[in-house]
Amino acid sequence: ETGVTQTPRHLVMGMTNKKSLKCEQHLGHNAMYWYKQSAKKPLELMFVYNFKEQTENNSVPSRFSPECPNSSHLFLHLHTLQPEDSALYLCASSQVGTSGSEKQYFGPGTRLTVT
Amino acid sequence: AQSVTQLGSHVSVSEGALVLLRCNYSSSVPPYLFWYVQYPNQGLQLLLKYTTGATLVKGINGFEAEFKKSETSFHLTKPSAHMSDAAEYFCAVSASGNTPLVFGKGTRLSVIA
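Residues numbered from 1 in each chain as written. Chains lettered and ligands numbered in written order. Predicted model: local features only at pLDDT ≥ 70, side-chain atom pairs only at ≥ 80, totals over all residues. Heavy atoms only, no water.

(A) Geometry of unusual backbone geometry. Residues T7(A) and P8(A) are joined by a peptide bond in cis, for which omega reads -10°. Summarising the element assignment, P8(A) is placed in the loop between β1 (4-7) and β2 (10-13). Notably, T80(A) is not glycine yet its phi reads approximately 45°, a positive angle. Tracing the chain through its elements places T80(A) in the loop between β8 (73-79) and β9 (87-94). The phi dihedral of T72(B) falls on the positive side, at around 45°, and the residue is not glycine. For T72(B), a relative accessible area of 33% corresponds to the partly exposed category. (Helix = DSSP H or I, 4+ residues; strand = E, 2+ residues; numbered from the N terminus. Buried < 20%, exposed > 50% of the residue type's maximum accessible area, 1.4 Å probe, protein only.)

Printed below as a string of structure tokens:
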């Protein structure tokens, strides 16, 4: 479970706060992902970065801002969130373009509560 | 576009009984199919995957799944449930190795002693 790490594991923030979630992968992968996991809903893909470039943004509100400074690190900057943004935020990584099967490795997630 | 339907948000089985978690997919191209498991307070772990070749795929912890193209299904089975199998299970599909996964809503498996 040390291949993909996420910090913090738990975060409580007010709607006016600014915070960042951090993800780091130690697997040498070239793609990283942010997912949102809410109760009773499918995992929602938020952002995809391939080779540090954002290749997908699934209509995510601008109060979520991703940053991928290098292929090992991924951030999710949060500001002026809403209570409905409370969820588990999962980071994942994969090696794209080699075996042709996208096996994603997930981090443990950050449990976010917006008050 | 791809989509996944998992029938039953909660399945309960007795210890030692057969586990069957259902997954149906929709894909306009030959799919890549995955089953992930999520234990409490943890991220997702890959159980098994189907890409090409043999349609019966064996994964970790005694689980297996069979790709049935005619039924657009990829059901997950295990002959004998163990208490440690209690978790949330997610079926996912992608169009190829280079496209993001689309997940189902998940099925929570409870194992009763």
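(B) Examining the layout of surface pockets more closely. Its boundaries defined by the atoms lining it, the largest pocket holds a volume of some 560 Å³. Considering the residues around the largest pocket, the lining is formed by 25 residues, among which Q37(A), Q38(B), E88(B), F90(B) and R108(B) are closest to the centre. Of the residues assigned to the lining of the largest pocket, the class counts are six nonpolar, 12 polar and seven charged. (1 Å grid on protein atoms, 1.4 Å probe; cavity = no way out; pocket = protein on both sides within 12 Å on 5 of 7 lines; lining within 4 Å. Points joined across faces, edges and corners; volume = space filled by probe spheres on them. Nonpolar A, V, L, I, M, F, W, Y, C, P; charged D, E, K, R; others polar.)

(C) Structural detail: the pairing of strand β5 (residues 44-50) of chain B. Residues and elements named next belong to chain B. For β5, the buried fraction is high: five of the seven residues fall into the buried class. The pairing of strand β4 (residues 32-38) with β5 spans six bridges and is classified as antiparallel. Note that in β5 the partner of Y36 across the bridge is L46. (Pairing = 2+ DSSP bridges.)

(D) Inspection of the nonpolar core at higher detail. Judged by nonpolar contacts, the single largest core of 27 residues is most densely connected at W35(B), L48(B), L76(B) and Y89(B). At the level of secondary structure, the elements contributing two or more residues to this core comprise β2 (10-14), β3 (19-26), β4, β5, β7 (64-68), β8 (73-78), β9 (87-94) and β11 (107-112) of chain B. Excluding residues within four positions of it along the chain, L48(B) makes contact with L33(B), F34(B), W35(B), V57(B), K58(B), G59(B), F63(B), E64(B), A65(B), F74(B) and L76(B). Of all hydrophobic cores here, the second largest spans 22 residues; its members include L11(A), M46(A), L76(A) and V114(A). (Core = buried A, V, L, I, M, F, W, Y, C linked by side-chain atoms within 4.5 Å. Contact = heavy atoms within 4.5 Å.)

(E) Up close: the interface of chain A and chain B. With 23 residues of chain A at the interface, the matching set in chain B holds 22 residues. For the chain A and chain B pair, buried surface summed over both sides reaches about 1700 Å², with 56% attributable to carbon and sulfur atoms. Across the chain A-chain B interface, the total number found is zero salt bridges. At the boundary of chain A and chain B, one finds two residue pairs in polar contact (both at pLDDT 80 or more). Taken together, the elements giving at least two residues each to the side of chain A that touches chain B come down to β4 (31-37), β5 (44-50) and β9 of chain A. The residue inventory of the side of chain A that touches chain B, partitioned by class, reads 10 nonpolar, six polar and seven charged. (Buried area = accessible area lost by both parts, 1.4 Å probe. Salt bridge = Lys/Arg side-chain N within 4 Å of Asp/Glu carboxyl O. Polar contact = N/O pair within 3.5 Å; in protein donor to acceptor, adjacent residues only side chain to side chain.)

(F) Spatial organisation of the pattern of salt bridges. All names here are of chain A. Applying the stated criterion to the full structure yields four salt bridges over all chains. Taking the shortest distance from any N to any O, the salt bridge between D85 and R63 comes out at 2.7 Å. Taken as a pair, D85 in the loop between β8 and β9 and R63 in the loop between β6 (53-57) and β7 (64-70) lie far apart in primary sequence, 22 residues in all.

(G) Highlighting the state of the cysteines. Here the structure, examined in full by the defined rule, presents two disulfides over all chains. Two residues, C23(A) and C91(A), share a disulfide whose sulfurs are 1.9 Å apart. Across the disulfide from C23(A) to C91(A), rotation about the S-S bond amounts to roughly -75°, and the bridge is consequently left-handed. Here C23(A) is found in strand β3 (residues 18-25), whereas its partner C91(A) is found in strand β9, with 68 residues between them in sequence. Under the relative-accessibility criterion, C91(A) is labelled buried at 0%. One disulfide in the model links C23(B) with C91(B); its S-S distance is 1.9 Å. The chirality of the disulfide connecting C23(B) with C91(B) is left-handed, given an S-S dihedral of about -65°. Of this pair, C23(B) sits in strand β3 while C91(B) sits in strand β9, placing them 68 residues apart in sequence. In this pair, the class of C23(B) matches that of C91(B), namely buried. (Disulfide = S-S within 2.5 Å.)

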